[in-house]
Every structure is written in C-alpha cells, then in structure tokens.
Amino acid sequence: SDETCFLVLGLYSPPTVRIIHSGHACNVEEERYTERVYTIREGETLELTCLVTGHPRPQIRWTKTAGSMSDRFQDSSVFNETLHIAKILRTQGGRYYCKAENGLGSPAIKSIRVDVYYLDEPVVTVHQSIGEAKEQFYYERTVFLRCVANSNPPVRYSWHRGREVLTQGSDKGVEIYEPFFTQGETKILKLKNLRPQDYANYSCIASVRNVCGIPDRSVIFTLTNRTASPSIKLLVEDPIVVNPSQTVSLVCITTGGEPPPVLTWGSSNDSLPQRSVVNGGTLTLPAITSEEAGAYSCVASNNVGNPAKKSTTIVVRALKKGRFWITPDPYHNDDNIQIGREVKISCQVEATPPEELTFSWLKNGRALRSSERMVITQTDPDISPGTTNLDIIDLKFTDFGTYTCVAALKGGGIPEISIDVNISSTTVPPNLTVPRGKSPLVAREGDTVELECLVSGKPKPIILWSRADKEAPMPDGSMQMESYDGVLRIVNVSREMTGSYRCQTSQYNGFNVKPREAVVELIVQYPPTVEPVFMEMRQGLGRPVVMTCRVLRAHPSRVLRFEWLLSNRLLHAGAFDAQRDETEYTVRNLNRDGLGEYTCNVINEAGAGKCTFLVTGKAYPPEFYYDTYNPVWQNKPRTYSFKLQWTQMNPNAVDRIVAYRLGFRQMGLERWWVQEIPVDGPINKGELMSHNLTDLIKPESYEVRLTPITRFGEGNSTIRIVRYSGEWLALLCRSPGEFHCSFEDEPICMFTQDKNDDFDWTRHSAATRDTKYTPNTGPSVDRTGSKQGFYMYIETSRPRKEGDQARLVSPFFNVAPKNPYSISNPPAYCFGFFYHMYGKHIGEFHQTSKGQTSSEGPVWSLNGNQGDHWKQAKVSIHPTSSFQVVLEGIRGPGIEGDIAIDDVTLEEGECRDPPTNLSSKVLFRSSHIWLLCVTLVMTLLEGQR
C-alpha cells in the first residue's frame, strides 16, 4: 500500500559535485594531485556525467577551457548532467568543468582533462644536396628522407629499406637522426654519397605504441635515379586582361618531376570562386566578375624538394565612381566664378586597368582639344586615381556652356562614363542653412524623423551627415551618410540618437572650396522607464499586499501623472510627486476579488511606462529531494517501489497547503494516474515529505508530477523522472534498510564478480547442476530445500589450482542515520547469510584484505566440516560511511570442498540471537577508490583436500 510520512530535517545544503565517465575511454588516470586525465581516441564518443548532491536541486553547467582561450558549448548539452560528444575531434580536447549551484554557499566545481589521441598518415619528403669537393674533383650527392606524422601522444618512427630494418650504425652509408629543433616530431634518414643499393623502396612506420588501440601507420617512397623535384609551366600571359562575363581558362602543365607531381590551384582571395571548375591542370572561370579578379597560382608537389609554383594575375576591366569638381581661380580670395579669371574643371574615374584609361572633353556636345586658353591635362595613373583637368585660363562669356568629360578604356567592351558640368553666370558655390523650426527637432521614440539642411548653389553638391557632438556611428552603422537632397531620414528613432548632427557639403560633384556646414539638434522624447516591468506577488487571503512602481528615467523628466488599474478597472490616479521617484498602492486585506493583474501606468508627454504586478494565491512549486537514501527497493519479482521525497518552496508565502496532487505515468505512454496526498497541519520550511510509489514495472521509468493545493486552488507543479536501478543503484550507492538476496534472478541483486581475482562464483540450482559434479561435496538443494532454488557456490574442480581466489562483491550500502548530516553514534546493521560447508577437504575460514585498508583483523571464522546442512551466520557491524561486503573463497589442494552461500541479508539494528556455533569479529576499512566507502571483507577459504 502507498505510504506517506513527513519529517523535519535541515535538508537545505550547498552543492557537491563529482564527475564520472561512461564513454569510450582508453584510460582514466584518477586523482594525481589535482589532475584527472581522461584519454579517448579521436572519433569515439565522449560521455561525462556530473553527479550532484544538494537541496534544492543544483543547476548544472558544463564549460571548457583550451589553452588560454575559454569557450562555451553552443549545443543543448551545456546545462545537462551528462555531456555527450559523439565522434570527438582532436580540437575538442582540453579541460572540462562541471559547475553546480543552488544559491546556497559557493558553487561546486570539478574538472577533468580530456586528452584526444590520434595518429595521421605519415608523409615522406625528400631533399638532396650536391656538394663539390674541388681538390678531389668529384660531386657528392646526399639525399635526405624526412618522415612526419601528426599525432597525440608523440609518435615514434622506424625506417625500412625493402625488408631491411635501418638503424643508426647498421649501414655506413646511412645516418638516422632527429633535428634538434623538432625532436620527437620527425625522423630524418640521410643517405650519404648515393650508392646503387640506395635506390630502393623506403618505408617509414609511425607508431604511438598501440595506445587506445591506434594501429601503426606506414608510407612507402621509391627512390630511383630519376627521382626529381617538380617543375611546371603556365601556358598563359601575365597579366591576363579580360572583360566582365568572359570565360577564362588557365592551363598549367608539368615539365618534370618524379614521382609525377600533383597539381593544385589557389587564389589570392583565400579560396577559388564557387563557380570555378578544375580539371587536372586547367582552371576555368566562367563569366568572370570584378570580384573574382586577382592572382591565381598553380602549385605542383611530389614531396621531393620544394613545391613548384607559378602565378598569373587576372585583371577584369571596369570603370566606376565618376565624380567632378569646380575649382575657382586660386589667386583670388573669392569662391565665385568671374569673367576674366581662371576656372578649373576636374573629372575623376576609378579604372581597371588604370593604364588603359583615356579621357576626352566635349563642349556642348562637340569635341574639345587642348589649347593655350583651354588646357587639358591628365594625371599619372601610377601616382593617383585617373583624373583629368580642364583649365580655362581667361574665362569669357562665350565659354559658358556644358562641358562633358568622357572616360573610356582602350581595350573597349566597357561602357563609357560621361560627366556633364555646366558653367554659366548661375554657377555659384554652395550655401547651407537649416530651415526655421527644424532645430531643435523634437521627436518621440519610435517615430520616423527627417533632419533637413537646405543647400543652395549650382551645381548642388552631395551633403554628408555625421554626429557633431561625439565620435559615434550614424543610424546605419557608418560614420558618415550621404544625402543628395540634404535630408537625413531616420526610421524608428531611439533615445540613444539624441544629440547634434552636422550636415556638410562634399568637395565632389560641386565646388572645390572650403566645405559649408550647419548643425541640427535632435531631441528624442521617451516614456518613463520603470521597474519592475513584471513582478509576481504571492500572498494568502486576508493578508496585505504592497505594490511599488519606481521611475528610473524619462525624457522629458517631468512625469505628469500615474494611474493604478486592476484588470483594466481604474483603482487610483493622481499627479506624480516630483519629490519622489515612485508611486505605491496597498491592498490592506486581500480577498478573492483582489487577485489578478495590477497595472501601474506612469505617464509623461511621450507616453506611458507600465509596471505589472500579478497578485496570486498560487503556492510555490515543491522541490524534489534527489539525495534520498535507498529510494529504490524490490518487494516483488516484476515490480519495484520508489521513495519520493520533497520539500516545499516558501510554504508560508500563501495559504496553508492542504494536499498535494500526485500524477505519474510510464514513460512513452499517455495515461496519467492521479491521486491526492492529504497534509495535516502547516508545513515548515525545510520539512522533508515522503511518499512511496509502489508496483512500478521493472525496468520502466516514470514521469512524476507533484502539485500543491491550497484553498486558492492548484499551485505550481514540479516534474521529475523516476528511474529503476541505473541512476540510483549504480551511481549513488545503496542504503541497507532491509536487503535480502536469494540469487533467484540472473542479476544476482547487483552483486558483481571481482575482476582482479582468479575465478568466479557460480549461480546454480540442484535441478540444473551438472550430473558429473564432484560427489561428497556441495549442496543438493537450496537453503529452502528446493531443487529449483538458486544459490552461489565455488567449483573447485579443474582447471582450478591451489591458491586461486574467487571474490563476490556486494553493491555499495549507504549508512542512513536519522540525521544524514551528523553521525555521532554510528548505526548498527546485521549482516547475515546461509552457508553450506560439506566435504572432507573443508578447512579453515579466515580474514583477507582487498585494496587499501586502514586496519587489519579477523572478520569471521569457523573451523571444520559442518556436514551436509545449510547453516546461518550473522555479524553485527557499525559502519561510519558507505560500505561493501566481499565474500572470498580460496581453492585448496583438494577437489572435495565446494562452498555455497544463499539468502544474504542486511538489516538495521544489532543481530538478534546470533548462531552459537561461530565467533565473529568485524573489520572496517576505507576504500579511496570508491569515495571513501567503508568495506567489510568476509573470507571463505577452502581447506586441504
């Protein structure tokens, strides 16, 4: 039946954390000083789990550091208990931190270093040197073979010539060494003064000594008298000048090299254009654009000598950005154009290639040639962008008209650029003014505003807008914006845009004179910024509620009025007190009509700022307690029970909780089972409540939802997942309570075989036991007398030999005192089991030690053949922390001495009526491997046979 209990404990505790691993680890070096190293092969799955304790349940976050750079994960696993990285890459190695915090004390942080192991294919490169010895008149040709492979851990190399292993000193013509500056990263084979036998197949074997199961990798290089570094030739001009949309083909051929070189193409733009096509040594660029212009390189490599590289530059013809300016006579302090004075018209164009740029001038559509009074010049393209000037030395009335500058490229195929400049009596320099009433300009946040400068003059120049009061970007993000009509339009203006804006004439497409400028002030008004924007206020009926809305900033800062509303019903309104920055509303006695959403509007000329308060009697969610001792237990073969525990968040914030609504469903199914758990009396903060979920189907998981209920109604729910075995029994140790194991199920109650012993205990029943078993020893039935019942025993027949050990290890048992945070008097437990010791070779049982112990001494002893009967042993123990029980059997020289055990129990309290035919002593020890769990070791030793 379901059972609910309530217990007051100081359960709120800061977090603790530890990291365990369950992925494809090659090796995990546990605590060495403060370092834990997790070694994994590249491409395997990394899985780290962060086990936490603490109440309320701590929030978990995984972070990683790599060298001096810190980076956070961008995937969803960052806040999960388990960090899962499938197909890990070498770049994902580094130190991983698990951080847990629940608002109590300092966050708990643990880390582990992940070392990713890999071995790439080795690469052999060949270099040769030819030295001339003048006295002896001969050439010495020395060849160097260098082997390199990327790896972690550092690689070891070995060289073979054919099937012959080459070592230092094995051949006078061969020298093997590591360059000092790259020691351990490469291995060089030096062939001095090449001999005929040196022309052979050389293999370099790279090895990381099979760590993580990484096999050795090798590469073969064939050295012949034809071995040579690559050479290539480009069958194209340099540079290649083309028009846009043309298709360009670059052809690269090899002219030498053995082994045959491999050709690759590269670009000065980091990567080849997306539409480019590479076919062997030919690179094709269809419909080329100006953006694809640049240097293209063909590289040939065969790992002999240095790669060969040839480059060419593709130039795509283009004309763009045509501009002009008028320069009045520089010898007069007057910006106006006047008869009898000099005036210069300049025209500028960006041209590619610049040397093909040509200019021509027209006056009123007719060609104009350079003369003494009309001087046409062109700047050197190597000094400045293409510019042409028309100097009119002595301006006459007949010179008034339209002058056209025409820019073209010699190669043709590109449209010309024509720029018209009108010179007349109305050609006057610019002037800037701000229209009346346009500065200061007042706008509301979110409006669209137009800042305006009136520009006069002919021709009208482009206007440049920028911030005048500070070095700040314009609304589009640039430092300067262009306007052709003098208007700066800003959409969705914000409060940050308040300030001074400068409008200024540009020196192009107008007069080349000192820029004219003006300033426009922009003032952006915005509604009051208030806090809180939203606040939930939980309160019980009959209690007061005080709501405060505070003004942080506003423009204009003078707030006009405020109004309080409940569900759009006006409660209170008035003028805002200029001496205070807040307004307050009080509900003296909360009733059901007073529950709901309250709104406070604080209003100025620009609009209203809004504080929202949700007043509710809804109870806070419960906080599940995840550190329950022994939450899972079995009382039926196919089902299990789970002890659900929780505390209530802020239980006194609202009306008394009268019940909890419990809902649970099997994972993957839709149907919920719902029941109510009544609560008698008020709940205290930190009070631990429990409810037993029974008849849960093994090994299914369940989703559990818990909802507090007050006279207001339902509060906020909390959901958690309840799992069988895996999470609790395997990871968090087991609490004794009442433990009973008769070995009837195959999992044998989570007992495990020690991996460091010589042989295993065997699960058997008399009905299934081999008929050829050794006679005169071992049980014929289980402890209950059934031939179908199972038990555990050690089989001492061949191939077992004297001294072989078999150890059966229990699951971890947690010590569960009444107050888990204070152990002053260690609790007592009674460990019991039935044993069968029949056979003429049954000898003496004695104590043994397993792992590191704090002390040694006998555990349990019994002498002699006990007959063909099952008998019971009991031992009282007083552990101070978690512990295990180890049952050990050691094989003697005989074969008639099988020992069996059955019906293992562990109960709270001292042993009652222990059997009189045995003496018992108990040893406790701390195991540093299992989180300082105390281990009880029991030894069953077979005697002489």
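Worth saying up front: this structure is predicted, and the values here are computed from it rather than measured.

Draft legend 1. Up close: the packing of aromatic side chains. Counted under the stated rule, the structure contains 13 aromatic pairs. On the basis of an interplanar angle of 65° and a centroid distance of 6.2 Å, the ring pair of Tyr791 and Tyr793 is categorised as edge-to-face. When its relative accessible area of 0% is taken as the criterion, Tyr791 is described as buried. Through pairs of rings, three or more aromatic residues link up here, namely Trp564, Tyr585, Tyr598 and Phe613. Here Arg323 stacks its cationic end above the ring of Tyr508, 4.0 Å away from the centre of that ring. Looking at Arg671, its charged tip hangs above the ring of Trp673, at a distance of 3.9 Å from the centre.

Draft legend 2. View of the state of the cysteines. All told, the structure shown has eight disulfides when counted by the stated rule. What pairs with Cys453 in a disulfide is Cys503, and their sulfur atoms sit 1.9 Å apart. For the disulfide bridge between Cys453 and Cys503, the dihedral angle about the S-S bond is near -80°, and by the sign convention the bridge is left-handed. Remark: Cys503 occurs in strand β43 (residues 499–505) and Cys453 occurs in the loop between β38 (449–452) and β39 (454–458); sequence separation between them is 50 residues. Paired through a disulfide, Cys549 and Cys611 show a sulfur-sulfur distance of 2.1 Å. On the sign convention where negative is left-handed, the bridge of Cys549 and Cys611, at about 70° about the S-S bond, is right-handed. Of this pair, Cys549 sits in strand β47 (residues 545–555) while Cys611 sits in strand β52 (residues 607–616); the two residues are 62 residues apart in sequence, bridging distant segments of the chain. Taking relative accessible area as the criterion, Cys611 reaches 0% and is therefore assigned buried. Residue Cys600 stays outside any disulfide, its sulfur separated by 3.8 Å from that of Cys549, the closest cysteine.

Draft legend 3. Geometry of the pairing of strand β58 (residues 687–697). Counted residue by residue, β58 has eight buried out of eleven residues, so it is predominantly covered. Two strands pair when backbone bridges link them, and strand β55 (residues 639–648) and β58 are joined in this way by seven bridges, in the antiparallel orientation. Bridge assignment links Phe642 to a residue of β58, and that residue is Leu693.

Draft legend 4. Broad picture of the pairing of strand β25 (residues 282–285). In β25, alternate side chains face the same way, and those of Leu283 and Leu285 are buried while those of Thr282 and Thr284 on the opposite face are not. Relative to β25, strand β22 (residues 248–258) is paired through four bridges, and the arrangement is antiparallel. Residue pairing across strands places Val248 opposite Leu285, the latter belonging to β25. Across three bridges, the pairing between strand β24 (residues 277–279) and β25 is antiparallel. Counted as the bridge partner of Val278 is Leu283 from β25. Turn length for the β24-β25 hairpin, with the two strands adjacent in sequence and antiparallel, is two residues, and the turn residue Gly280 shows positive phi of about 65°.

Basis of the calculations
- Residues numbered from 1 in each chain as written.
- Predicted model: local features only at pLDDT ≥ 70, side-chain atom pairs only at ≥ 80, totals over all residues.
- Heavy atoms only, no water.
- Phe/Tyr/Trp six-rings, centres within 6.5 Å; stacked < 30°, edge-to-face > 60°.
- Buried < 20%, exposed > 50% of the residue type's maximum accessible area, 1.4 Å probe, protein only.
- Lys NZ or Arg CZ within 6 Å of the ring centre and 35° of its normal.
- Disulfide = S-S within 2.5 Å.
- Helix = DSSP H or I, 4+ residues; strand = E, 2+ residues; numbered from the N terminus.
- Pairing = 2+ DSSP bridges.

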